Each structure stands twice: as C-alpha cells, then as structure tokens.
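# Structural characterization, general
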Amino acid sequence: MFHPIETLPTAVQGFRATGTILAGDVKKLFHEVPLTADSRAMIEIDAEFDGYLSELSKGLRKEAAHLPGVKIALVLPEGMVKEAELSGLSESGEPVRVFATTDQASALDWLSAS
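Let us look at the structure shown here. No experiment lies behind these values; they were computed from the predicted model shown.

Quick notes on the rules
Residues numbered from 1 in each chain as written. Predicted model: local features only at pLDDT ≥ 70, side-chain atom pairs only at ≥ 80, totals over all residues. Heavy atoms only, no water. Core = buried A, V, L, I, M, F, W, Y, C linked by side-chain atoms within 4.5 Å. Buried < 20%, exposed > 50% of the residue type's maximum accessible area, 1.4 Å probe, protein only. Helix = DSSP H or I, 4+ residues; strand = E, 2+ residues; numbered from the N terminus. Contact = heavy atoms within 4.5 Å. Pairing = 2+ DSSP bridges. Axes fitted to C-alpha atoms, helices over the stretch in contact; angles between N-to-C directions. Patch = residues over 30% accessible without salt bridge, like charges linked within 9 Å, V, L, I, M, F, W, Y side chains within 5 Å. Areas by Shrake-Rupley, 256 points an atom, 1.4 Å probe, with all protein chains shown as cover. Salt bridge = Lys/Arg side-chain N within 4 Å of Asp/Glu carboxyl O. Lys, Arg positive; Asp, Glu negative; His and termini not counted. Charge placed at Lys NZ, Arg CZ, Asp CG, Glu CD. Right-handed = clockwise from strand over helix to strand, strands pointing away.

## Some remarks on the nonpolar core
Ranked by size, the top nonpolar core spans 28 residues in total, and within it F2, F30, I43, L56, L60, I72 and L74 carry the most contacts. Listing elements by their share of this core, those giving two or more residues are β2 (13-19), α1 (23-32), β3 (40-49), α2 (53-65), β4 (71-76), α3 (81-86) and β5 (96-100). Filtering out sequence-adjacent residues up to four positions away, I72 remains in contact with F30, L35, A41, I43, L60, A64, P95, V96, R97, W110 and L111. Counting residues in hydrophobic clusters, the runner-up holds ten residues, among them V12, V75, A107 and W110.

## Some remarks on the sheet that holds strand β1 (residues 2-5)
Read from one edge of the open sheet, five strands run β1-β2-β3-β4-β5, paired in mixed fashion. Since the sheet does not close on itself, it has two edges, and those belong to β1 and β5, each with one partner. Taking the axes of each pair of neighbouring strands and ignoring which way they run, one obtains an average angle of 25 degrees across the sheet. Inspection of the sheet shows β1 paired to β2 by four bridges, in the antiparallel sense. Paired with P4 across the bridge in β2 is F15. Sheet strands in contact with α1 are β1, β2, β3 and β4, and its direction is about 40 degrees off that of β1. With respect to the sheet, α2 is in contact with β1, β3, β4 and β5, its orientation differing from that of β4 by roughly 165 degrees.

## Examining a negative patch on the surface
Residues E78, E91, D103 and D109 make up a contiguous surface patch of negative charge. Tracing the backbone shows E78 in the loop between β4 and α3.

## Section: the pairing of β4
Counting buried positions along β4 yields six of six residues, so the element is predominantly enclosed. Burial along β4 is two-sided: K71, A73 and V75 facing one way and I72, L74 and L76 facing the other are all buried. Across five bridges, the pairing between β3 and β4 is parallel. By the bridge assignment, R40 is partnered in β4 with K71. Viewed along the sheet, the connection from β4 through α3 into β5 turns out right-handed.

## Regarding the environment of L111
Along the polypeptide, L111 turns up in helix α4 (residues 104-112). Once the C-alpha coordinates of L111 and K71 are considered, the two residues, 40 residues apart in sequence, prove to be 6.4 Å apart. The contact partners of L111, leaving out residues within four places of it in the chain, are V12, R40, A41, M42, K71, I72 and A73.

Here it is as structure tokens:
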C-alpha cells in the first residue's frame, strides 16, 4: 500500500510504501496520481514493508520507462540497498535511483537537479 508523504517540496510527489507491494500496485498508483515527463517522485520504504522489493522495482522501472525526463528516487533502509541492486536498480541509475534512508537529502538534491 502507498501513503502520501506531505512533507516534501511541492515539486516532488512522495509516497511511503508499506505492506505488500506488487508491480501492479505501482501501475495503479501512477494511474491515480499520474506522472508526466519531467515529473519527480520519491518512494520511501517503510518499516512495515513486507519485502517484495523485486516487484516494486519492476513496477517502478516499467512505469518510468515510457516517460522521458521522469526521475524516481527509491529511498530505503541501508540493508536493502544490495537487494535493490539485485532487482535491477542502482545508486547511479536513471530514471529510478536508489538512496539509503540516511541519505534522503541527496535523493531530494538529485530530484531537484535538472
């Protein structure tokens, strides 16, 4: 399930991922809150996330693939960064980039950069 994050800059759409997330849930989210080219979004993994990171990664990559210029920051606990890399995401990736929770400021900087 996704919950809005209200404390981010207005140019960034933020969502907290909790519970079980499948690739279809990402598609549903971005149809309810559509991303457009040049959109900025942050998905933050909550402590209640059940661990289908590969499904979340697949959904994010698929939704971002057809939107040139979109940037999505996936912010997750340090211990999950390697798992994200194994599921096809990286700390230097585009359009979806992985950031550790301790480095959320860098995620916002990356999202703000053109």
